[in-house]
Amino acid sequence: MSEKELGKKWDRCLADGAIKFGTGLGLGIVFSVLFFKRHTWPISLCSGAGLGMAFSNCQNDLRSSYLLHRSQKVGLCNKTHSN
Amino acid sequence: YTAGGSSGAAKVVAAGLLTVGGGVGGTILYAKWDHKFRAAVENNVPYSDWLLGLALGPAYQGDIMKQVRMDSQHVWVIIADCFEKITGSEFLPHSEASAEASHIISAISEISTVPAPCDTESAVKGHCSPWSPSLSCFLSVSDCSAAVSASLEECLASSAKATLQAIGAQEAAVQAITQHIHKLKEAMEAEVPPPEKSSQWKDLEAALADRTSAVNDAETALLKAKEALDSLKSEIDKSKGLKVSAVRPLVLAAEENLHNMVVDLDRVVTKLQSAESESKIVSQYSDLVNEAKLQFQREVSSLTPEIQANWKGLTGKLSADDLNALIAHAHRRIDQLNRELAEQRVREQIHIDASLEQQKLEDQKALEKAVLTAVQHIKEDTRLEQERKLSELREVMEAEMRTQLRRQAAAHTDHVQDVLKVQEQELRADAEQVLGSKLLEQETSYRQLSQEQLDNFTLDMNTAYARLKGMEEAIDSHVVAEEEARKAHQLWLSVEALNYSLKMADADSPTMPLESAAQAVRDSCHDNDFALALATALPEESLQRGVYSEASLRARFNALRALVRRVALVDETHNSLYQYFLSYLQAALLFEAKQEAPPGQLCSEDLDPFRLLSYASFCLEHGDLELAAKLVNQLRGEARRVVEDWLTEARLTLETRQVVSLLSAYANAVGLGTTQAP
């Protein structure tokens, strides 16, 4: 049902966000631990990157319904001519 | 009062009894006098025959038969009376005339006589009651004649027998006499040796004995015959004394027989007498001869006393003297005899005359006797002849009378026949005329009636036919209408089922698939294009999956509303997350009326989602899904995307409902259309 779609999207978003955040966080932690001598900035970076990715995904996901695919694009001129 | 009443009642009772007794007595007396009345009473009134039998004695059949015969021959009796008058009663005595008339009646009408049960004595005494002379006498006469004829026949038979006997006896006597005479002659004249002579004389004696016995027998037989003839004669006289005509021929015949017998008897008697006379002569002669012989014998014996009889046989024993004496005696005797002969010759004429005279006398006597008897016989003959002629004449006259009467009767019958014919013709013509007219009437009336009937019948038939036709048409139309009604009903039912199935939706779950109901509807409207079109116009989804009920949609909408509020700001161009955040913020901060009545026309301000939602909510609350859907349809952007499904569902439901309502309206209309106006 269409009203559940948004909810699903938000679930996905959140899940994705959580995963990405967590993964970023983890990676950040890892990176920070490993490479960046326990600076917090890789953690926040990675988590932030993760969140950003999640955000972007979420947005895309939310927008996806408005996107037109190449196959769907049709010449308007033809249509008007045909009218 | 009571005394008077009782005496009055007694009087009434007495009067009644008197009347009844008088009636009964009168009836009995009249029945005694009139036998026909008696018969009628006996026939009609039960037990009257018993009563009348007690009072009067049995009504014997003879009277009744006489009555009947008299009735049936009343005409003939009249004729007989007429005849009597015509011929006159002096010709024949009254009873004989009536007897003649009855003869004629019997001859003409040829009735069979029934012997009356009355006895002959009473009939002979003249039991002829004045009112039926002819028939009763006739009937009694027939009876008497029968008796008389019987008696006559008896007498005749007996007398014939006796006469025959007598005749036979006489003949036998004659025979015996002739025999005797012959024997005597033989004995006297024949020259036979003495032993045979003695046998001859014995024969002669036997013949004599025979003769005497035969003569005696003849005598007795004659006496008997005479007796019988006398009795017959008396019988005949008696029957003649009855004066009954039917007996007359019998009497005549009897008399003739009597006469014949008498004649025969007399003849035989004369024969006998002649024979006797002859025998007398012969016996005289034989006596003379015997006497002469005796004389001679005596002479011879006197001459020769030692010679006994049968001297003819003693030829050898006689001596010459004896012989000479005998011869001399014989000569003397011859001489004597010659002298006597001469004397005789002389006296012969006188002797002859004397003997002739004697003979004449005897002849005269015999002649007289014979004449007498002949005269008697002739008298008798003539009388009989006369009687015969009389009877013949009577018969002839009777026959003539009969023919005359027959002619009269024939003439009468002819006349009656003619009259009857004429009458018959007249009556026939009349009757035929009447019959013809009546028949014509009947025919015409019958024809009329039949025509009427036919017309009526045709009319009835026509009306019946028309009615039948009307009825058939009505029935057909009824059938058709019923069929239509049935179909409509079916359609309506199916539509109702559809409707019901539409309504029977749980909350939050669609109805059952409407396929079956729709199929039912489709089935029930085969021939109806409109309904078919409608039925096929049901959306596929509703058929396969079913539709949501309004309540579920309402509920869903209520759930949706919040969502729509939250994504109100998101559309094709503004669909970032930030927008989302803003729309969420807006939703959190904006408060709109829960429900707001939508205006008649939407202006651009009304296209605000929140407004629309409130409008739609209001519509939904008021059950106007259509308007709500229309309003919801105005949503754009993400809100629109969010409510798309709901809208589709709503659209489906609306569609289905529309179709169903159309179908039901149609079914109702059709059902209404098929209902007959009272």
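Residues numbered from 1 in each chain as written. Chains lettered and ligands numbered in written order. Predicted model: local features only at pLDDT ≥ 70, side-chain atom pairs only at ≥ 80, totals over all residues. Heavy atoms only, no water.

**Some thoughts on the overall build of chain B**
A tally of regular secondary structure across chain B gives 19 helices and zero strands. The 678 residues of chain B split such that 31% are buried. Sequence separation of 24 or more characterises 69% of the internal contacts of chain B that already satisfy a separation of 6 or more. When the accessible area of chain B is evaluated, it comes to approximately 42300 Å², of which 60% is carbon and sulfur surface. (Helix = DSSP H or I, 4+ residues; strand = E, 2+ residues; numbered from the N terminus. Buried < 20%, exposed > 50% of the residue type's maximum accessible area, 1.4 Å probe, protein only. Contact = heavy atoms within 4.5 Å. Areas by Shrake-Rupley, 256 points an atom, 1.4 Å probe, with all protein chains shown as cover.)

**Details of the overall build of chain A**
Scanning chain A for helices and strands turns up three helices and zero strands. Start at the N end of chain A and walk to the C end: the helices and strands fall as α-α-α. Across the 83 residues in chain A, those meeting the buried criterion constitute 27%. Residue pairs at least 24 apart in sequence account for 51% of intrachain contacts in chain A once pairs closer than 6 positions are excluded. When the accessible surface of chain A is totalled, it reaches about 5900 Å², and 65% of it is carbon and sulfur.

**Observations concerning the UniProt feature "coiled-coil region" (unreviewed entry) in chain B**
Cross-referencing UniProt, the feature "coiled-coil region" (unreviewed entry) maps to residues 215-242 and 320-347 of chain B in the present numbering. Helix makes up 100% of residues 215-242 of chain B and strand 0%. Its end C-alpha atoms lie 40 Å apart. (UniProt positions renumbered as here; feature names shortened; annotations may be inferred.)

**Section: the UniProt feature "transmembrane region" (unreviewed entry) in chain A**
Here, the residues flagged by UniProt with the feature "transmembrane region" (unreviewed entry) are residues 18-36 of chain A. For residues 18-36 of chain A, helix accounts for 89% and strand for 0%, while the C-alpha atoms at its two ends are 23 Å apart.

**Observations regarding the nonpolar core**
All names here are of chain B. Counting 36 residues, the largest nonpolar core has L152, A173, I177, L232, I236 and L265 as its most contacted members. For this core, the secondary-structure elements that each account for two or more residues are helix 8 (133-189), helix 9 (194-242) and helix 10 (248-303). Looking at this core, the element that brings in the most residues is helix 8, giving 15 residues. If you look at the next biggest cluster of nonpolar residues, it comprises 33 residues, including V567, Y580, A616 and W646. (Core = buried A, V, L, I, M, F, W, Y, C linked by side-chain atoms within 4.5 Å.)

**Comments concerning the packing of aromatic side chains**
Evaluation of the coordinates by the stated rule reveals eight aromatic pairs over all chains. On the basis of an interplanar angle of 65° and a centroid distance of 4.9 Å, the ring pair of F530(B) and Y666(B) is categorised as edge-to-face. Placement of F530(B) in helix 13 (residues 529-536) and of Y666(B) in helix 19 (residues 637-674) is noted, with a sequence separation of 136 residues between them. When its relative accessible area of 18% is taken as the criterion, Y666(B) is described as buried. Through a chain of ring-to-ring contacts, three or more aromatic side chains come together here, namely W10(A), Y580(B) and Y584(B). Directly above the aromatic system of Y548(B) lies the positively charged group of R556(B), at a separation of 5.8 Å from the ring centroid. One residue, R641(B), lies across the ring of Y66(A), its end atom 5.5 Å from the ring centre. (Phe/Tyr/Trp six-rings, centres within 6.5 Å; stacked < 30°, edge-to-face > 60°. Lys NZ or Arg CZ within 6 Å of the ring centre and 35° of its normal.)

**Here's the deal with the interface of chain A and chain B**
At the interface, 14 residues of chain A touch 20 residues of chain B. Each partner contributes to the roughly 1500 Å² buried at the junction of chain A and chain B, and carbon and sulfur atoms together form 58% of this total. The tally of links between chain A and chain B comes to one salt bridge. A salt bridge links E5(A) to R641(B); its shortest N-O distance comes to 2.6 Å. On the surface where chain A and chain B come into contact, there are six residue pairs in polar contact (both at pLDDT 80 or more). Elements with a minimum of two residues in the side of chain A that touches chain B: helix 1 (2-34) and helix 2 (41-63) of chain A. A total of six residues in the side of chain A that touches chain B trace back to one element, the largest contributor, which is helix 1 of chain A. A class-by-class count of the residues in the side of chain A that touches chain B yields seven nonpolar, three polar and four charged. (Buried area = accessible area lost by both parts, 1.4 Å probe. Salt bridge = Lys/Arg side-chain N within 4 Å of Asp/Glu carboxyl O. Polar contact = N/O pair within 3.5 Å; in protein donor to acceptor, adjacent residues only side chain to side chain. Nonpolar A, V, L, I, M, F, W, Y, C, P; charged D, E, K, R; others polar.)

**Quick notes on a nonpolar patch on the surface**
On the surface, I29(A), V30(A), V33(A), L34(A) and F35(A) cluster together into a nonpolar patch covering about 440 Å² of accessible area. Mapping V30(A) onto the fold places it in helix 1. (Patch = residues over 30% accessible without salt bridge, like charges linked within 9 Å, V, L, I, M, F, W, Y side chains within 5 Å.)

**Observations regarding the state of the cysteines**
Residues and elements named next belong to chain A. Summed over the entire model, instances satisfying the criterion amount to one disulfide over all chains. Across the disulfide, C13 is cross-linked to C58 (sulfur-sulfur distance 1.7 Å). On the sign convention where negative means left-handed, the S-S torsion of about 110° between C13 and C58 marks this disulfide as right-handed. Within this pair, whereas C13 is found in helix 1, its partner C58 is found in helix 2, the two being separated by 45 residues in sequence. On the basis of relative accessibility, which here comes to 9%, the residue C13 falls in the buried class. Since its relative accessible area comes to 5%, C58 is described here as buried. (Disulfide = S-S within 2.5 Å.)

**Points about the pattern of salt bridges**
All names here are of chain B. For the coordinates displayed, the defined rule picks out 24 salt bridges over all chains. Where R38 meets E42, a salt bridge forms, and the shortest distance between an N and an O atom there is 2.9 Å. With R38 and E42 both in helix 2 (residues 35-44) and four residues apart, this pair spans about one turn of that helix. The exposure class of R38 is buried, given its relative accessible area of 4%.

**Description of helix 17 (residues 609-621) of chain B**
Residue and element names in this part refer to chain B. Given a rise of 1.5 Å per residue, 13 residues ought to cover 18 Å, and the 18 Å separating the end C-alpha atoms of helix 17 matches this to within 8%. In terms of residue burial, helix 17 counts as a mostly covered element, since ten of its 13 residues are buried. Residues of helix 17 that are buried include every one of P609, F610, L612, L613, S614, Y615, A616, S617, C619 and L620, and no others. Contacts from the buried residues of helix 17 go to helix 15 (550-566), helix 16 (577-589), helix 18 (625-633) and helix 19. A positive phi of about 80° marks G623, the residue just after helix 17. (Expected span 1.5 Å × (residues − 1).)

**Structural notes on the side chain of S614(B)**
Structurally, S614(B) is set in helix 17. Non-local contacts of S614(B), meaning those with residues more than four positions away in its chain, are made with R561(B), E592(B), A593(B), K594(B), Q595(B) and E596(B).

**What about the packing of helix 15 of chain B against helix 17 of chain B?**
Residues and elements named next belong to chain B. At a closest axis distance of 11 Å, the pairing of helix 15 and helix 17 adopts a crossing angle of 165°. By the criterion of interaxial angle, the relationship of helix 15 to helix 17 is roughly antiparallel. At the point where helix 15 passes helix 17, the crossing takes the left-handed sense. Touching E550, R554, F557, N558, R561, V564 and R565 of helix 15 are F610, L613, S614, A616, S617, L620 and E621, all from helix 17. When grouped by side-chain class, the residues that make up the contact of helix 15 with helix 17 number six nonpolar, three polar and five charged. (Axes fitted to C-alpha atoms, helices over the stretch in contact; angles between N-to-C directions. Parallel < 35°, antiparallel > 145°, perpendicular 65-115°, else oblique. Left-handed = near helix turned anticlockwise from the far one by under 90°.)

**Points about unusual backbone geometry**
For Y47(B), which is not glycine, the phi torsion reads 65° and is therefore positive. With respect to the secondary-structure elements, Y47(B) resides in the loop between helix 2 and helix 3 (48-56).

**What about the confidence of the model for chain B?**
Interpretation of this model should avoid reading the predicted coordinates in detail wherever pLDDT is low. Residues and elements named next belong to chain B. Looking at chain B as a whole, the pLDDT averages 78, with 80% of positions reaching at least 70. Every residue in residues 86-95 scores below 50 in pLDDT, and together they form eight contacts with partners more than four places removed in sequence or on other chains. In this model, residues 104-138 is a region of pLDDT below 50 whose contacts with residues beyond four sequence positions or in other chains number 43 contacts. With a pTM of 0.40, the predicted complex shows an ipTM of 0.84. (pLDDT = per-residue confidence, 0-100.)

**Some details on the environment of I177(B)**
Note that I177(B) resides in helix 8. Among residues more than four places away in sequence, those in contact with I177(B) are R211(B), V215(B), L272(B), A275(B), E276(B) and S279(B).

**Details of the environment of P58(B)**
Looking at the secondary structure, you find P58(B) in the loop between helix 3 and helix 4 (61-72). In contact with P58(B), not counting residues within four places along its chain, are R38(B) and G53(B).

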